[in-house]
Amino acid sequence: MNTFSYNKTLAKSDLDPILANLRDHLIAKNVAAEIATKLCDSVANKLIGQNVNTWMGLKSFVKNALEESILRILSPNRNLNILREVQMKNDSGNPYVIVFCGVNGVGKSTNLAKIANWLLLNDKSVLVIACDTFRAGAIEQLRTHIHALKNIHENSNSGSSSKIDLYEKGYGKDATGIAMEGIRYASNSSYDVCLVDTAGRMQGNEPLMKQLAKLIKVNEPDLTLFVGEALVGNEAVDQLVNFNRALLDNGCRSASNDSVSAINGIVLTKFDTIDDQVGAAISMTYITGQPIVFVGVGQTYRDLKRLNARAVVRALMK
Ligand SMILES: Nc1nc2c(ncn2[C@@H]2O[C@H](COP(=O)(O)OP(=O)(O)O)[C@@H](O)[C@H]2O)c(=O)[nH]1
Ligand SMILES: [Mg+2]
C-alpha cells in the first residue's frame, strides 16, 4: 500500500480487510462482538464511495474514521449535570432520587457509597434507602458505609447541610414500598438526594426484573443508573438489552428523556482492574445511548471518576 499518498474512490473491497482487522482488535479489547461488527459496518457505510485523498495511507485513514465514531458514541448526547439537576429538584421542594440497578456483585452498593461521598463533598444531604432486602448482609454493608461517611463528613464540616442517614425496614419486605416510604421520609425531612440500593438480579430472571420495574415505575426516580462491570465482554449487551427491555415492557420511562431507554445513566465499575481492555465502555454506551456518569476505579470512597472519552479511545486503539 502506498503510504505517501492515496487518491481513489473507496470500494467495499478496499475497506473489508482493514475493517476486519480493526473489528478483531476491538473484540480483543473486550468490545462485544456484535457491537464491534456494527461499528465497523457503519464506518464502511460512511466511507464507501468517498473520494479519498490522503497522505496517511488507507489503513490510518479508516482507523481515524473508526476512532471518530467511537469518540462520538462515548460523548453523551445529553449533558448530565447531576448537581444542577439536584438543585432544580430541591427548588421544587422534592428530593432528587437515584436508583441503582444491575446484576449481583458488580459494585452497586460500593459505588452508591462513593457517590454519596461525592454528594456530601458538594454539601448535599443524602438519605440512602436500603431496598436490597434480599441478600444477607446488604443492609449492614450500607450501615457500615454510612457510619464511615458520617465520620468523615459530619465532624469535618463547617456546619453545612451535609448529613447522611440510612432508611431501612429490614429484610424480606417489598422493595417498592420501602422506596416509597423512604422518599416520602426524605421529602418531609428535607434531604436533598435519595440513593436507592436494590438487590442484584440476573437479566434473565423475569419475576425479579418485574419487581425492579415496579419499583421504578411507582417511584419515578430522576435517574436510573445501571451499574455494570468493566470486566464484561459480550455479556454487557445481554445485561443491558434485557434490563432495558424489562423496564420498558413494564411501563417504565426515563424521567429526563422519552427515548428508547428506561435506563438514563451508567456507572462503569472496576475500571482499575482491566488495564487497556476498555471495550465495555463502548458496548454499554452504544447499546443504551446513555452517558457513563461515573467510573469506579477502586474500593475507597474517592475512587470515583468521570469518563475520559479520549483516554478510552486511546487505550482502545493502542
Ligand atoms: N477494584 C474495584 N472493586 C470494586 C469497585 N466497585 C466495587 N468493587 C468491589 O466489588 C465487590 C462487590 O461490590 P458490591 O458493592 O457489594 O456489589 P453489589 O452486589 O452490586 O452491591 C466488593 O468487594 C467491592 O469492593 C471498583 O470500582 N474497583
Ligand atoms: Mg449490594
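Every chain is numbered on its own, with residues counted from 1 as its sequence reads. Think of it this way: whatever chain is written first is A, whatever ligand is written first is 1, and the rest follow in order. Selection of residues for local features in this predicted model requires a pLDDT of at least 70, selection of side-chain atom pairs for listing and counting requires 80 or more, and totals for whole chains, interfaces and linings are taken over all residues. With hydrogens and water set aside, each side-chain value is computed from the structure's full complement of heavy atoms.

## Description of the overall build of the protein
Next, step 1: Strands here are runs of E lasting at least two residues and helices are runs of H or I lasting at least four, both read from the DSSP assignment and numbered beginning at the N terminus. In terms of regular secondary structure, the protein is built from 11 helices and 10 strands.
Next, step 2: Here the globule rule is a power law, 2.2 Å times the number of residues to the power 0.38, and the radius of gyration is based on C-alpha atoms. In summary, the protein has a C-alpha radius of gyration of 22 Å against a globular reference of 20 Å for 318 residues, a match within 12%.
Next, step 3: Judged by the C-alpha coordinates and their principal axes, the protein covers about 70 × 45 × 35 Å.
Next, step 4: Remark: exposure states derive from per-residue accessible area (1.4 Å probe, protein chains only) relative to the maximum for the residue type, with buried under 20%, exposed over 50%, and partly exposed in between. Of all 318 residues assigned to the protein, the portion counted as buried reaches 53%.
Next, step 5: Put simply, of all contacts in the protein between residues at least 6 apart along the chain, 79% involve residues at least 24 apart.
Next, step 6: Total accessible area on the protein stands at roughly 14,400 Å², and carbon and sulfur atoms take up 50% of it.
Next, step 7: Asp and Glu count as negative and Lys and Arg as positive, but His and the ends of the chain are not part of the count. In plain terms, the charge of a residue is placed at NZ if it is Lys, CZ if Arg, CG if Asp and CD if Glu. Distance between charge centres in the protein, computed from 35 positive and 31 negative side chains, equals 2 Å. A contact between two residues is defined here by any heavy atoms of the two lying within 4.5 Å. Methods summary: accessible areas were calculated by the Shrake-Rupley approach with a probe of 1.4 Å, and residue burial reflects only the protein chains presented.

## Points about the sheet that holds strand β9 (residues 292-296)
Next, step 1: Two strands form a pair only when DSSP identifies at least two bridges running between them. Taken in spatial order, the 8 strands make up an open sheet running β5-β4-β6-β3-β7-β8-β9-β10, and their pairing is mixed. Strands with a single pairing partner mark the edges of an open sheet, and in this sheet they are β5 (164-167) and β10 (304-305).
Next, step 2: In this sheet, strand β7 (residues 223-229) lies alongside strand β3 (residues 96-101) in parallel orientation, the contact comprising 4 bridges. Considered in β7, the bridge of cysteine 101 is made with phenylalanine 226.
Next, step 3: Simply put, an axis is a line fit to the C-alpha atoms, just over the touching stretch for a helix, and the angle between two N-to-C directions goes from 0 to 180 degrees. The sheet strands contacting helix α5 (residues 108-121) are β3, β4 (126-131), β5, β6 (193-198), β7, β8 (265-269), β9 and β10, and the helix crosses β6 at an angle near 170°.
Next, step 4: Across the face of the sheet, helix α10 (residues 279-288) comes into contact with β7, β8 and β9 while running at roughly 165° to β8.

## Some words on helix α3 (residues 58-74)
Next, step 1: Between its first and last C-alpha, α3 extends 24 Å over 17 residues, near the 24 Å set by a 1.5 Å rise per residue.
Next, step 2: Buried within α3 are the following residues: Leu58, Phe61, Val62, Ala65, Leu66, Ser69, Ile70, Leu71 and Leu74. One less than the residue count of a helix, multiplied by 1.5 Å, gives the span that helix is expected to have.

## Considering the domain arrangement of the protein
Next, step 1: Under the domain assignment used here, the protein contains domain 1 (6-74) and domain 2 (82-308).
Next, step 2: Note that domain bounds follow an automatic or database assignment of domains. One C-alpha centre belongs to domain 1, the other to domain 2, and the line joining them spans 36 Å.
Next, step 3: In this complex, domain 1 contributes 13 residues to the contact, which on the side of domain 2 involves 18 residues.
Next, step 4: Interface area, domain 1 with domain 2, both sides summed: about 1,300 Å², of which 64% is carbon and sulfur.
Next, step 5: The salt bridge definition used is simple: a Lys or Arg side-chain nitrogen within 4 Å of an Asp or Glu carboxyl oxygen. The tally of links between domain 1 and domain 2 comes to 1 salt bridge. The term buried area means the drop in 1.4 Å probe accessible area that two parts suffer when joined, counted for both and summed.

## Here's the deal with the packing of aromatic side chains
Next, step 1: The criterion for an aromatic pair is that two Phe, Tyr or Trp rings (for Trp, the six-membered ring) have centres within 6.5 Å, with stacked assigned to planes under 30 degrees apart, edge-to-face to planes over 60 apart and tilted to the rest. Under the criterion given, the structure shown has 4 aromatic pairs.
Next, step 2: Note on tryptophan 118 and phenylalanine 294: the rings are 5.2 Å apart at their centroids and 70° apart in plane angle, and the pair reads as edge-to-face. Here tryptophan 118, found in helix α5, pairs with phenylalanine 294, found in strand β9; they are 176 residues apart in sequence, far enough to count as distant.
Next, step 3: Taking the relative accessible area as the measure of exposure, phenylalanine 294 reaches 3% and is therefore buried.
Next, step 4: Ring geometry for tyrosine 185 versus tyrosine 191: centroids 6.1 Å apart, planes at 35°, classification tilted.
Next, step 5: Residue tyrosine 185 is classed as partly exposed on the basis of its relative accessible area, which comes to 38%.
Next, step 6: Here a set of aromatic residues connected by ring pairs shows up, and it is made of Tyr167, Tyr185 and Tyr191.
Next, step 7: For lysine 163, the ring lying beneath its charged end belongs to tyrosine 191, and the centroid distance is 4.1 Å. Placement of a charge over a ring requires the Lys NZ or Arg CZ to be within 6 Å of the ring centre, with the centre-to-atom vector within 35 degrees of the ring normal.

## Here's the deal with the environment of leucine 247
Next, step 1: Summarising the element assignment, leucine 247 is placed in helix α9 (residues 235-249).
Next, step 2: Since its relative accessible area comes to 0%, leucine 247 is described here as buried.
Next, step 3: Between the alpha carbons of leucine 247 and serine 42 there is a distance of 28 Å; along the sequence they are 205 residues apart.

## Concerning helix α1 (residues 12-28)
Next, step 1: With 17 residues, α1 ought to run about 24 Å at 1.5 Å a step, and its terminal C-alpha atoms sit 24 Å apart, in line with that.
Next, step 2: The sharpest bend along α1 reaches about 25° and sits at isoleucine 18.
Next, step 3: All of the buried residues along α1 are Asp14, Leu15, Ile18, Leu19, Leu22 and Leu26.
Next, step 4: A positive phi of about 80° marks asparagine 30, the residue just after α1. Note on bend: at a given residue it equals the angle between the axes fitted to the 7 residues ending there and to the 7 starting there.

## Overview of the environment of aspartate 249
Next, step 1: Within the element layout of this structure, aspartate 249 appears in helix α9.
Next, step 2: For the pair aspartate 249 and leucine 149, spaced 100 residues apart in sequence, the C-alpha separation works out to 37 Å.

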